Amino acid sequence: MINRHVVFIRHLAKSIFPPKLRHNNHAILSLTAAISISASAAFHNYCNKPLNDWSEQHYRSRSLVLCEKELGNKSPYVAVAETTITKAAAPKPLSRTTLLLYNLKLLPYRSLPIPRLLNSKDPVFSYPDIVRGVRRRHADEVLLQEILSSDRLMKARQSQDQQQMQPILHEVNELVYGKGVTPQIREDFLAQYGCVGHTPAIIKYLVDELAKDRGIVEVGAGNGQWARAINDYHNLQMKQNSPSGKAFEFILAFDNMQHLPLSPKIYHERTVPAKQYFYDKVKLASHVDAVKGFASRGRVLMLVYPSPGEMASETVKAYMETSDQNDTVVYVGEGIGGANASEEFFNYFLGKIGDSQDESEWVLLKVMEVKRSPGAKGYEKVFVFQRRRL
């Protein structure tokens, strides 16, 4: 008798292959043979476990680290994922089959259907880059502590021997900034982009599509590099397409000015970075006051690399409570376990806040790649969410 797991996998292979390959028995048999052994145990556990008991711990017990690396860019599942949800269909959460394929590393993160309705099982914030990155970051922290507490560093300090200090400083720089990245290279990136880099595709999407008729309110704008890029692009589009159009302050940028990445005392208004990359209209305000102002109502909320802690979740909640027109959030930062926001922030979008009075659900509209900082030590993405009221 044929194992029921193999039958399932063969049926699954036929359903997910493109039409041209569905009658290719060799391809189907190859896929079946390749995954039947590894899938059997997982499928047995999955089929014999109630949905409510399929806990986050069970879901995360599968390795997500290599799912993108192993499949590459030519996965046959990409086309399937992109056509799963049509424009006319209402966004739906990931199906159990899709989650199973992803959990078995047969479906890459980038091929998960978008737009989709988020729920507590969605891996949107647990993508492979952040899983690998957090592990790497913890390992780097251990190595850094070993260097800082080493006898050779203490001897070099006591003797003030620069020849002994240089290789130690080089090791520290590689751990903190990345291989081949000097503090000056890192600072140059900060001056042009801030903590995370935008791309032309991101700016174009935000201005021409997502917030075209609404505008943006950015909270935690820092020195205003993202706001400057958005404002410059919007002004250029207005000049080219509507030269006589009514003036509109497309982006409102706010910051409490307490933790700016680059000090205004050094990067003052007369410096080249300030003239070329900084936004000179960043207003002083707390994160809550920024979104409660009348001018911010109806705009898209943007949070770029928010500090760790409750600032991000408090901002989103205040934004939602202020007006029914406030329904779209752009978050640029790392996922769960990363350097930004808090567990409560991620749980809010995944619907894990049990005592929440907000009768709404969140749809993931888009995920975009950012311009990474030199050294590849950051694992940020652009996430776009929109509220769907129940």
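This section reports on the structure supplied with the text. Please read all numbers here as calculations on a predicted model, not as lab measurements.

1. Points about the overall build of the protein
(1) Moving on: A tally of helices and strands in the protein yields 16 helices and eight strands.
(2) Moving on: Taken across its 390 residues, the protein has 45% of its residues classed as buried.
(3) Moving on: Residue pairs at least 24 apart in sequence account for 77% of intrachain contacts in the protein once pairs closer than 6 positions are excluded.
(4) Moving on: Counting every atom, the protein has about 21,100 Å² of accessible surface; 53% of that belongs to carbon and sulfur.

2. Some thoughts on helix α16 (residues 343–350)
(1) Moving on: Most of α16 is tucked away: six of the eight residues are buried.
(2) Moving on: Among all positions in α16, only F345, F346, N347, Y348, F349 and L350 are buried.
(3) Moving on: Phi turns positive one or two residues past the end of α16, at G351, with a value near 75°.

3. A look at the packing of helix α15 (residues 311–322) against α16
(1) Moving on: Running from N to C, α15 and α16 cross one another at 40°; their axes reach a closest spacing of 7 Å. The orientation of α15 with respect to α16, classified from their angle, is oblique. Mapping the contact onto sequence places A312, S313, V316, K317 and M320 in α15 and E344, F345, Y348 and F349 in α16.

4. Description of the environment of D129
(1) Moving on: For D129, the location among the structural elements is in helix α7 (residues 128–148).
(2) Moving on: A distance of 2.7 Å separates the side chain of D129 from the side chain of R132, its partner in a polar contact.

5. Considerations on unusual backbone geometry
(1) Moving on: Looking along the chain, the bond that leaves I114 and enters P115 is cis, with omega of 5°.
(2) Moving on: Here K105, not a glycine, exhibits a phi torsion of approximately 65°, which is positive.
(3) Moving on: Position of K105 relative to the elements: it lies in the loop between α6 (96–103) and β1 (116–117).
(4) Moving on: Positive phi outside glycine occurs at A376, with the angle close to 55°.
(5) Moving on: Overall, A376 belongs to the partly exposed group, its relative accessible area being 42%.

6. Side note on the side chain of H198
(1) Moving on: Position of H198 among the secondary structure elements: in the loop between α10 (183–193) and α11 (200–210).
(2) Moving on: For H198, a relative accessible area of 14% gives the class buried.
(3) Moving on: Setting aside residues up to four positions removed in sequence, H198 forms contacts with Q192, Y193, I203, Q225, W226, A229 and K371.

7. Some points on the pattern of salt bridges
(1) Moving on: This structure, assessed with the given rule, holds 14 salt bridges.
(2) Moving on: One salt bridge in this structure joins K204 and D208, with 3.1 Å as the shortest N-O distance. Here the residue K204 and the residue D208 both occupy positions in helix α11, the gap between them amounting to four residues, near one helical turn.
(3) Moving on: For E361, the salt bridge is made with R388, and the minimal N-O distance between the two is 2.9 Å. Of the two residues, E361 sits in strand β7 (residues 360–369) while R388 sits in strand β8 (residues 381–389), which places them 27 residues apart along the sequence.
(4) Moving on: With relative accessibility at 27%, the residue E361 sits in the partly exposed group.
(5) Moving on: Among the residues examined, R388 registers a relative accessible area of 30% and is labelled partly exposed.
(6) Moving on: A single salt-bridge network, built from bridges that share partners, covers D129, R132, E369, R372 and K381.

8. Here we look at the nonpolar core
(1) Moving on: Counting residues in each nonpolar core, the largest one holds 42 residues, and the members touching the most others are L301, V316, F345, F349 and F385.
(2) Moving on: Of all the elements, α15 adds the most residues to this core, at six residues.
(3) Moving on: Beyond its immediate stretch of four places on either side in the chain, V316 contacts L301, L303, V329, F345, Y348 and F349.
(4) Moving on: Grouped together as the second largest cluster of nonpolar side chains are 29 residues, W226, Y279, M302 and V384 included.

Reading guide: rules and limits
Every residue gets a number counted from 1 within its own chain, in the order that chain's sequence is written. Owing to the predicted nature of the model, reporting of local features is limited to residues with pLDDT of at least 70; listing and counting of side-chain atom pairs is limited to 80 or more, with chain, interface and lining totals taken over all residues. Side-chain measures here rest on the full set of heavy atoms in the structure, leaving out hydrogens and waters. Labels follow the DSSP assignment, with helices taken as runs of H or I lasting at least four residues and strands as runs of E lasting at least two, numbered in each case from the N terminus. Accessibility here uses a 1.4 Å probe with only protein chains present; expressed as a share of the type maximum, an area under 20% marks a residue as buried, one over 50% as exposed, and anything in between as partly exposed. The contact criterion used is simple: two residues touch if any of their non-hydrogen atoms lie within 4.5 Å. Every accessible area reported is derived by Shrake-Rupley at a probe size of 1.4 Å, with residue values counting cover from the shown protein chains alone. Angles run from 0 to 180 degrees between N-to-C directions of axes, and those axes are lines fitted to C-alpha atoms, restricted for helices to the stretch in contact. Here the word oblique covers every angle except those under 35 degrees (roughly parallel), over 145 (roughly antiparallel) and from 65 to 115 (roughly perpendicular). Whenever a nitrogen or oxygen atom comes within 3.5 Å of another N or O atom, the pair is scored as a polar contact, on the condition that within protein one atom can donate a hydrogen and the other can accept it, and that pairs from neighbouring residues in sequence are kept only if both atoms are in side chains. Each reported salt bridge corresponds to a side-chain nitrogen of Lys or Arg within 4 Å of a carboxyl oxygen of Asp or Glu. Buried Ala, Val, Leu, Ile, Met, Phe, Trp, Tyr and Cys residues form a nonpolar core when they are joined through side-chain atoms within 4.5 Å.

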